[in-house]
Amino acid sequence: MTGRLPVDVVTGFLGAGKTSLLRRLLKGPELAGAAVLVNEFGEIGLDHLLLERIDGDVVLLKSGCVCCTVRGDLKAAVEGLLGRRARGEIAFDRIAIETTGLADPTPVVATIVSDAALKHRLAMGAVICVVDALNGAETLDAHEVSLRQAAAADRIVISKVDLAGAETTRAIEARLRALNPSADILLLDETSAPPALWLGRSDDRPISRCVADQPAAEPGHGAHAFLLEADRPLDWARFGLWLSMLLHRHGGDILRLKGVIEIEGVTAPVAIQGVQRVVHAPEHLDAAWPPGERRSSLVVIARNIDPERVERSFRAFASSPIVAPSCAIPA
Amino acid sequence: MCGLCGSFAHGHWSDGVASASATPAAERARRASVANAALAPYGLALKPWGTRYVLASRTGRQSVVDGFGNLWPAAERMLGRACDPLDEAVIARLERSGR
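This one's a predicted model, so the numbers in the text were calculated from it and none came from an experiment.

A. Structural context of the overall build of chain B. Broken down by element type, chain B carries four helices and three strands. Going residue by residue from the N terminus, the α and β elements of chain B occur as α-α-β-β-β-α-α. Residues counted as buried form 49% of the 99 residues belonging to chain B. For chain B, restricting intrachain contacts to residue pairs at least 6 apart in sequence, the fraction spanning at least 24 positions comes to 23%. About 4600 Å² of surface is accessible on chain B, with carbon and sulfur atoms providing 54% of the total.

What follows is the structure, given as structure tokens:
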């Protein structure tokens, strides 16, 4: 697992301020050693030695699953960068990708974590979603893709807070927190220095717990965030069977899955996360279980799905002993 | 390095094994057994076959699958209908069998 380059993804709806954020970060230490890939050159010139433009080209995997669509152009751009790095032509220690504003970031994440040629050389860093404090609520109402962008994020940056004012900012923050309780939310104005956004590897971080059962606002589009918990260690095979079945049938509506699980036979906590049908390679965390908190805990952000039904299914499949039944279920 | 991480680099995310002491063949047999608890209500069964598995129906249809990653698409093609873990009948049957 060592030696893989971290890749961060910056997403957000049109006009949210992704390019502006990147431009400001490029001046600071966070991106000093990064190669940056952008979907389109905006009016704000990004002045960076390792800036590459990605052209539109989408390749469908054999499965035909939209969520597993691999960005052929992205793969080519990343492989080009890695090749030049290997030949000593350029040097960088991480890659940042800015998605187009109308895109669900899932295919980008899928390319990094699933592509056979890239997944051994790259590790997902953070998905960062920029939400405009002024127009974010309207955008969430009008464009479902903006909901998917925010749900997929590890960190949400609320931009233009100085223009929006405190009350509007608090409202959009509450809505985003209800939608994605597992994400850190950062407020950004025009004058402050951008915060350090880039996450380290997940096993560098302490185990954090999320609360997802008391939303303070309505996320919209029928989305809910809820928590799956288990006090006993999970059997990895049974958990994998259940989750693969759930994502195969309902992956388009599972906007985000993130948490720490306790697996039978494994001492360390294991971090697991996914976006729609794309699941990252699970990781052992270096951090030990905090005293009294040795239990599995997964935040699920889903739409059009009954959380209670998911919890019952999780318990029936993955969290209690199963004896093979003999009778067929009627079609 | 435990088997969980060791296997992740190659196939589907679910392919890793938690127990480094189990042989690959024993792990495949156990996984097939776990899968069969969920497949039996559909009249399907999974058996290890070399480094892969064979999914079979009661009518004799068969399909080779690599693991859990492509098990469910194959099962649905064979059945001609969805395998839904949120189906009330599926959950209720597993709840009864787990008591």
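Here the narrative resumes, following the displayed structure.
B. Highlighting the nonpolar core. Residue and element names in this part refer to chain A. The biggest cluster of nonpolar side chains holds 53 residues, and the ones touching the most others in it are Phe239 and Trp242. The dominant element in this core, judged by the number of residues it contributes, is helix α8 (residues 236–250), at nine residues. Setting aside chain neighbours within four positions, we find Phe239 in contact with Leu234, Ile261, Ile272, Leu298, Phe314 and Ala318. Grouped together as the second largest cluster of nonpolar side chains are 24 residues, Leu5, Leu37, Val113 and Met124 included.

C. Fine view of the pairing of strand β2 (residues 52–57) of chain B. Residues and elements named next belong to chain B. Burial within β2 is extensive, with five of its six residues counted as buried. As defined by bridge partners, strand β1 (residues 44–49) adjoins β2 across six bridges and the pair is classed as antiparallel. The residue of β2 that forms the bridge with Trp49 is Arg52. Between β1 and the antiparallel strand that follows it, β2, lie two residues; Gly50 among them carries a positive phi value of about 60°. Strand direction decides the pairing type here: β2 and strand β3 (residues 62–65), joined by four bridges, are antiparallel. Bridge pairing links Ala56 to Gln62 in β3. Between β2 and β3, which pair antiparallel in sequence order, lie four residues; one of them, Gly60, sits at a positive phi of approximately 95°.

D. Here's a closer look at the UniProt feature "domain: CobW C-terminal" (unreviewed entry) in chain A. Here, UniProt's "domain: CobW C-terminal" (unreviewed entry) annotation points to residues 223–318 of chain A. Helix makes up 28% of residues 223–318 of chain A and strand 35%, and the two end C-alpha atoms of the span are 24 Å apart.

E. Highlighting unusual backbone geometry. Residue and element names in this part refer to chain A. The phi angle at Lys160 is positive, at roughly 60°, despite the residue not being glycine. When you line up the elements, Lys160 lands in the loop between β6 (155–159) and α6 (161–164). Judged by its relative accessible area of 22%, Lys160 is partly exposed. A positive phi angle, close to 60°, is found at Asn304, a residue other than glycine. You can see Asn304 is positioned in the loop between β13 (296–303) and α9 (307–318).

F. Quick look at the packing of aromatic side chains. Residues and elements named next belong to chain A. Evaluation of the coordinates by the stated rule reveals four aromatic pairs over all chains. When the ring of Phe239 is compared with that of Trp242, the centres are 6.2 Å apart and the planes differ by 40°; the resulting orientation is tilted. Pair noted here: Phe239 and Trp242 are both in helix α8, with a separation of three residues, about one helical turn. Its end group placed over the ring of Phe92, Arg85 keeps NZ or CZ at 5.4 Å from the ring centre.

G. Spatial organisation of the sheet that holds β2 of chain B. Residues and elements named next belong to chain B. Overall, antiparallel pairing links the three strands, which are arranged β1-β2-β3 in an open sheet. Every interior strand has two partners, whereas the edge strands, β1 and β3, have only one. The sheet shows a mean angle of 25° between the axes of neighbouring strands, direction not considered. Its contacts with the sheet place helix α2 (residues 24–39) against β1 and β2, and it is angled at close to 170° to β1.

H. Local environment of the packing of α8 of chain A against helix α3 (residues 68–79) of chain B. Viewed as axis vectors pointing N to C, α8 of chain A and α3 of chain B meet at an angle of 50°, and their least axial separation amounts to 9 Å. Classified by the interaxial angle, the pair formed by α8 of chain A and α3 of chain B is oblique. Regarding α8 of chain A and α3 of chain B, the two cross each other, and that crossing is right-handed. Along its contact with α8 of chain A, which presents Ala237, Gly240, Leu241, Ser244, Met245, His248 and Arg249 of chain A, the element α3 of chain B presents Phe68, Leu71, Trp72, Pro73 and Glu76 of chain B. Taken together, the residues of the contact of α8 of chain A with α3 of chain B sort by class into seven nonpolar, three polar and two charged.

I. Inspection of the domain arrangement of chain A at higher detail. All names here are of chain A. Domain boundaries in chain A define domain 1 (5–198) and domain 2 (207–319). Taken together, the 26 residues of domain 1 in the interface contact 27 residues of domain 2. Around 2200 Å² of area is buried between domain 1 and domain 2 when both sides are counted, 63% of it from carbon and sulfur atoms. A per-residue breakdown of the area domain 1 buries against domain 2 is headed by Arg148, Pro181 and Ser182, which together make up 23% of the total. Where domain 1 touches domain 2, the interface holds three salt bridges. Here domain 1 and domain 2 share seven residue pairs in polar contact (both at pLDDT 80 or more) between them.

J. Inspection of the pattern of salt bridges at higher detail. Residue and element names in this part refer to chain A. According to the stated counting rule, one finds 23 salt bridges over all chains in the structure shown. Ionic pairing is found between Glu144 and Arg148, a salt bridge with its closest N-O pair at 3.0 Å. Of the two residues, Glu144 and Arg148 are both situated in helix α5 (residues 144–151); the distance of four residues between them amounts to about one turn of the helix. Residue class for Arg148 comes out buried when judged on its relative accessible area of 14%. Through salt bridges that share partners, Glu144, Arg148, Asp253 and Arg303 make up one connected network.

Quick notes on the rules
- Residues numbered from 1 in each chain as written.
- Chains lettered and ligands numbered in written order.
- Predicted model: local features only at pLDDT ≥ 70, side-chain atom pairs only at ≥ 80, totals over all residues.
- Heavy atoms only, no water.
- Helix = DSSP H or I, 4+ residues; strand = E, 2+ residues; numbered from the N terminus.
- Buried < 20%, exposed > 50% of the residue type's maximum accessible area, 1.4 Å probe, protein only.
- Contact = heavy atoms within 4.5 Å.
- Areas by Shrake-Rupley, 256 points an atom, 1.4 Å probe, with all protein chains shown as cover.
- Core = buried A, V, L, I, M, F, W, Y, C linked by side-chain atoms within 4.5 Å.
- Pairing = 2+ DSSP bridges.
- UniProt positions renumbered as here; feature names shortened; annotations may be inferred.
- Phe/Tyr/Trp six-rings, centres within 6.5 Å; stacked < 30°, edge-to-face > 60°.
- Lys NZ or Arg CZ within 6 Å of the ring centre and 35° of its normal.
- Axes fitted to C-alpha atoms, helices over the stretch in contact; angles between N-to-C directions.
- Parallel < 35°, antiparallel > 145°, perpendicular 65-115°, else oblique.
- Left-handed = near helix turned anticlockwise from the far one by under 90°.
- Nonpolar A, V, L, I, M, F, W, Y, C, P; charged D, E, K, R; others polar.
- Domains from an automatic or database assignment.
- Buried area = accessible area lost by both parts, 1.4 Å probe.
- Salt bridge = Lys/Arg side-chain N within 4 Å of Asp/Glu carboxyl O.
- Polar contact = N/O pair within 3.5 Å; in protein donor to acceptor, adjacent residues only side chain to side chain.

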